[in-house]
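What the coordinates show
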Amino acid sequence: MLLPIALTLACLAFVVALLVVDRLPWPLMRVVTKLGASTCFVLLAYALGAMESRYGQLVLGALLLGWVGDALLLSHRTAAFMAGLAAFLLSHGLYAAAFASGPLSSLALGVALIAALATGAVVLRWLLPHTPAAFKGPVLAYVVVILAMCVTAAGHAAGTGRWIVLLGALLFAVSDLAVARERFVQSSPTNQLWGWPTYFGAQLLLAWSVVAD
């Protein structure tokens, strides 16, 4: 268990460093710290035995897609952003598939679906007026997939008692709001201050969730 703990601490250290270099004109260090943190959460899931179960394999696939998305979003080009969006959309989809692969609580799914519809309506009402026409369709699809991930996470958590899954999914969704605000609403250093910790914290939690499978 020493290696998983070391990888978790290394990821957190990279995130702290990323928060620092984000404010400095050091683009290479931004690449190193961001992809260093992403590499740690991928290796963490593998070290915890992700390949030994269907659930773990799906989570590992989602984490790998997150790594790809992180690399693509290092660029400010529109094409790279769209490709990164696609990578994260697939990542959310694999997480949803992983959560749905286990026992699900019907009651939790129903309650979560109602909450997701209400939350989605609020988020889209806030975000779409700021979104360029070319991005409205992809953003709408992305929000739907995020909410599907959260709904299945709630059903899975209630059905299995693995509540770390729900916390991870919710933190992932919160981190996406930071990305959306940065890209479409208001670019600000504060977006990274809460976006990076919630994002990487989510990936670490979901990587650790393979242990209980």
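These numbers come from a predicted model, not from an experiment.

Remarks on a nonpolar patch on the surface
A contiguous nonpolar surface patch, about 710 Å² in accessible area, is contributed by Val16, Val20, Leu24, Trp26, Leu28, Met29, Val31 and Val32. Mapped onto the nonpolar patch, the elements with two or more residues apiece are α1 (2–21) and α2 (27–47). Its place among the elements puts valine 31 in helix α2. On the basis of relative accessible area, valine 31 is assigned to the partly exposed category, the value being 31%.

As for the packing of aromatic side chains
Applying the stated criterion to the full structure yields twelve aromatic pairs. Residues phenylalanine 41 and phenylalanine 200 carry aromatic rings whose centres are separated by 6.0 Å and whose planes lie at 45° to one another, so their mutual orientation is tilted. Here phenylalanine 41, found in helix α2, pairs with phenylalanine 200, found in helix α8 (residues 189–208); they are 159 residues apart in sequence, far enough to count as distant. Note on accessibility: phenylalanine 41 and phenylalanine 200 belong to one class, buried. Ring centres of phenylalanine 81 and phenylalanine 135 lie 5.8 Å apart, and the angle between their planes is 65°; on these two criteria the pair is classed as edge-to-face.

A look at the environment of phenylalanine 172
Position of phenylalanine 172 relative to the elements: it lies in helix α7 (residues 163–185). You can call phenylalanine 172 buried: its relative accessible area is 1%. Along the primary structure phenylalanine 172 and cysteine 150 are separated by 22 residues, whereas in three dimensions their C-alpha atoms are 9.1 Å apart.

Let's talk about helix α6 (residues 133–160)
Structural remark: α-helix, 3.6 residues per turn; residues separated by three or four positions point the same way. For α6, spanning 28 residues, the distance from its first C-alpha to its last is 41 Å, which sits close to the expected 40 Å at 1.5 Å a residue. Among the residues trailing α6, glycine 161 stands out with phi positive, at a value near 80°.

Considering α2
When the terminal C-alpha atoms of α2 are compared, their 30 Å separation across 21 residues agrees well with the 30 Å that a helix rising 1.5 Å per residue should span. Along α2, the residues that are buried comprise Arg30, Thr33, Lys34, Leu35, Gly36, Ala37, Ser38, Cys40, Phe41, Val42, Leu44 and Ala45. Backbone geometry just after α2 places glycine 49 at a positive phi near 95°.

Brief notes about the nonpolar core
Judged by nonpolar contacts, the single largest core of 57 residues is most densely connected at Leu63, Tyr95, Phe99, Met149 and Phe200. Where this core is concerned, the elements lending two or more residues are α1, α2, α3 (54–72), α4 (78–100), α5 (106–127), α6, α7 and α8. In terms of residue count, α6 provides more of this core than any other element does, twelve residues in total. In this structure, phenylalanine 200 is in contact with Cys11, Val15, Leu18, Lys34, Ala37, Ser38, Phe41 and Asp70, ignoring residues within four places of it in sequence.

A word on the side chain of threonine 33
Mapping threonine 33 onto the fold places it in helix α2. A residue is classified by how much of its surface remains accessible, and threonine 33, at 3% relative accessible area, is buried. Filtering out sequence-adjacent residues up to four positions away, threonine 33 remains in contact with Phe14, Ala17, Leu18 and Val21.

Some words on the packing of α5 against α7
One way to put it is that α5 packs onto α7 with a least axis distance of 11 Å and a crossing angle of 20°. Regarding the angle of α5 to α7, the classification is roughly parallel. By crossing handedness, the relation of α5 to α7 is classed as right-handed. Contact with α5, carried on its side by Val123, Trp126 and Leu127, involves Leu177, Ala180, Arg181, Phe184 and Val185 of α7 and no other residues of that element. Each residue belonging to the contact of α5 with α7 can be placed in one class, and the counts come to seven nonpolar, no polar and one charged.

Brief notes about the environment of tryptophan 26
Structurally, tryptophan 26 can be placed in the loop between α1 and α2. As a C-alpha pair, tryptophan 26 and threonine 131 span 105 residues in sequence and 29 Å in three-dimensional space.

Quick look at the side chain of serine 209
Here serine 209 lies in the segment after α8. Residue serine 209 is classed as buried on the basis of its relative accessible area of 1%. A distance of 2.7 Å separates polar atoms of two side chains, one belonging to serine 209 and the other to tyrosine 55. Every residue in contact with serine 209, bar those within four places of it in the chain, is listed here: Tyr55, Arg162, Ile164 and Val165.

Definitions and limits used
- Residues numbered from 1 in each chain as written.
- Predicted model: local features only at pLDDT ≥ 70, side-chain atom pairs only at ≥ 80, totals over all residues.
- Heavy atoms only, no water.
- Patch = residues over 30% accessible without salt bridge, like charges linked within 9 Å, V, L, I, M, F, W, Y side chains within 5 Å.
- Areas by Shrake-Rupley, 256 points an atom, 1.4 Å probe, with all protein chains shown as cover.
- Salt bridge = Lys/Arg side-chain N within 4 Å of Asp/Glu carboxyl O.
- Helix = DSSP H or I, 4+ residues; strand = E, 2+ residues; numbered from the N terminus.
- Buried < 20%, exposed > 50% of the residue type's maximum accessible area, 1.4 Å probe, protein only.
- Phe/Tyr/Trp six-rings, centres within 6.5 Å; stacked < 30°, edge-to-face > 60°.
- Expected span 1.5 Å × (residues − 1).
- Core = buried A, V, L, I, M, F, W, Y, C linked by side-chain atoms within 4.5 Å.
- Contact = heavy atoms within 4.5 Å.
- Axes fitted to C-alpha atoms, helices over the stretch in contact; angles between N-to-C directions.
- Parallel < 35°, antiparallel > 145°, perpendicular 65-115°, else oblique.
- Left-handed = near helix turned anticlockwise from the far one by under 90°.
- Nonpolar A, V, L, I, M, F, W, Y, C, P; charged D, E, K, R; others polar.
- Polar contact = N/O pair within 3.5 Å; in protein donor to acceptor, adjacent residues only side chain to side chain.

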